Amino acid sequence: MLRLRLEAIDMATRGFFGRQQDPALANRIPPGQALTKDFPVLSAGPTPRIETVQWKFTLKIGPKPVKVWGWDQFHELPQTKLTRDIHCVTTWSKLDTAWQGVLIDDILADAGVEPPTGYTLAHSYDGYSTNVPTADLIAGKAMIATLYEGKPLPPDHGGPARLLVPHLYFWKSAKWVNALQFTEKDELGFWELRGYHAYGDPWREQRYTGDP
Ligand SMILES: Nc1nc2c(c(=O)[nH]1)N[C@H]1C(S)=C(S)[C@@H](COP(=O)(O)O)O[C@H]1N2
Ligand SMILES: [Mo]
């Protein structure tokens, strides 16, 4: 909590400009957010360095692994480009970020899996986790991204691969992702256990536990 808030204050003193600057953009900036052109780095711990040769991504139903992809296998899946606005709970928003990767839909199709439950947890190499309802990952809404602005995703931003769920606060977009797990119930992840909202819709300003 403390770390995130301090960074937000620091950012407010440099490159920010308010929503009033361009009224045409106002309907793209959720309440309490301000635009930035930077791409701030927010991590709970040090950046893990994962070589693509050792990278693995596992799809699990509960405790049971259903399919594991290595880097090359993963790149045989259909590649999709998404350009989306992103919103961090520390109050920065960034417009038109361009990503490429594999839609969760295409991962499930490749594994021959119909979503078995309404809830998932994303897991990462640094021990991070975050919960996202299954409905928010499918129908073209989310991907495992490997390219940012046409280049390999830098390690600080979650490379080699991160989850991208752009319509929820950015802490849901797990960096260094290595598994997606279907769960019976909504199980809270790293920040959700530490005071952040279970769902995290920026348009409803669902920042903290108990926000409506
Ligand atoms: N694995 C992992 N993913 C993570 C985090 C983290 O600490 N570890 N931080 C989250 C938070 S709080 C935010 S706001 C975004 C920040 O992504 P960025 O550093 O690319 O801006 O990543 C999210 N994903
Ligand atoms: Mo965050």
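Residues numbered from 1 in each chain as written. Chains lettered and ligands numbered in written order. Predicted model: local features only at pLDDT ≥ 70, side-chain atom pairs only at ≥ 80, totals over all residues. Heavy atoms only, no water.

- In the annotation of an unreviewed UniProt entry, the entry for the protein chain reads Molybdopterin-binding protein, and the organism field reads Terrihabitans soli.

## Some remarks on the UniProt feature "domain: Oxidoreductase molybdopterin-binding" (unreviewed entry) in the protein chain
Working step 1: UniProt's feature table lists "domain: Oxidoreductase molybdopterin-binding" (unreviewed entry) at residues 45-191, given in the numbering used throughout.
Working step 2: Taken end to end, residues 45-191 comprises 8% helix and 42% strand; its first and last C-alpha atoms sit 13 Å apart. (UniProt positions renumbered as here; feature names shortened; annotations may be inferred. Helix = DSSP H or I, 4+ residues; strand = E, 2+ residues; numbered from the N terminus.)

## A closer look at the nonpolar core
Working step 1: In this structure, F57, F74, I104, I107 and I144 are the most contacted members of the largest nonpolar core, which totals 34 residues.
Working step 2: Of all the secondary-structure elements, those providing two or more residues to this core are β2 (56-61), α2 (71-74), α3 (104-111) and β11 (177-183).
Working step 3: Top contributing element to this core by residue count: α3, with four residues.
Working step 4: The contacts of I144, once residues within four sequence positions are left out, are F57, F74, G101, V102, I104, I107, A161, R162, L163 and V177. (Core = buried A, V, L, I, M, F, W, Y, C linked by side-chain atoms within 4.5 Å. Buried < 20%, exposed > 50% of the residue type's maximum accessible area, 1.4 Å probe, protein only. Contact = heavy atoms within 4.5 Å.)

## Side note on unusual backbone geometry
Working step 1: At the junction of G159 and P160, the peptide bond is cis and its omega measures out at 15° in the coordinates.
Working step 2: Inspection of the secondary structure assignment puts P160 in the loop between β9 (151-152) and β10 (162-164).
Working step 3: If you check the backbone angles, A139 has positive phi at about 60° while not being a glycine.
Working step 4: Mapped onto the elements of the fold, A139 is located in the loop between β7 (129-133) and β8 (143-148).
Working step 5: We note that E149 has phi near 50°; this positive angle belongs to a residue other than glycine.
Working step 6: The topology assignment puts E149 in the loop between β8 and β9.

## A word on the site of ligand 1
Working step 1: If you check the shell around ligand 1, you find 21 residues, and the closest are P40, A44, H157, R162 and K175.
Working step 2: Between an oxygen atom of ligand 1 and a main-chain N or O atom of L42, the distance comes to 2.9 Å.
Working step 3: A distance of 2.6 Å separates an oxygen atom of ligand 1 from a polar side-chain atom of H157.
Working step 4: Burial of ligand 1 by the protein amounts to 100% of the accessible area it has alone, namely 530 Å².
Working step 5: Here the residues of the shell around ligand 1 sort into 13 nonpolar, four polar and four charged. (Near = heavy atom within 4 Å. Polar contact = N/O pair within 3.5 Å; in protein donor to acceptor, adjacent residues only side chain to side chain. Areas by Shrake-Rupley, 256 points an atom, 1.4 Å probe, with all protein chains shown as cover. Nonpolar A, V, L, I, M, F, W, Y, C, P; charged D, E, K, R; others polar.)

## Focus on the packing of aromatic side chains
Working step 1: All told, the structure shown has 17 aromatic pairs when counted by the stated rule.
Working step 2: Between F39 and W92, the aromatic rings sit 6.2 Å apart at their centres with planes inclined by 70°, giving edge-to-face as the arrangement. With a gap of 53 residues between them, F39 in the loop between β1 (34-35) and β2 and W92 in strand β5 (residues 92-103) connect regions that are remote in the sequence.
Working step 3: When the centroid spacing of 6.3 Å and the interplanar angle of 90° are considered together, the rings of F39 and W99 count as edge-to-face. Here W99 lies in strand β5 and F39 lies in the loop between β1 and β2, a separation of 60 residues in the sequence. One exposure class covers both F39 and W99, and it is buried.
Working step 4: Here the aromatic cluster, defined as three or more aromatic residues joined through ring pairs, consists of Y128, Y169, W171, F190, W191, Y196 and Y208.
Working step 5: Lying over the aromatic face of F190, R194 brings its terminal NZ or CZ to 3.8 Å of the ring centre. (Phe/Tyr/Trp six-rings, centres within 6.5 Å; stacked < 30°, edge-to-face > 60°. Lys NZ or Arg CZ within 6 Å of the ring centre and 35° of its normal.)

## Details of the pairing of strand β4 (residues 80-87)
Working step 1: Bridge count for β4 against β5 is seven bridges, and the pairing is antiparallel. Its bridge partner lying in β5, L82 is registered against W99.
Working step 2: Following β4, the chain reverses through four residues before pairing antiparallel with β5; T91 in that reversal takes a positive phi of roughly 95°. (Pairing = 2+ DSSP bridges.)

## Side note on the pairing of β11
Working step 1: Burial runs high along β11: seven of the seven residues are buried.
Working step 2: As paired elements, β2 and β11 share four bridges and run parallel to each other. Residue pairing across strands places L59 opposite L180, the latter belonging to β11.
Working step 3: The pairing of strand β6 (residues 119-124) with β11 spans six bridges and is antiparallel. Bridging from a neighbouring strand, Y119 pairs with T183 of β11.

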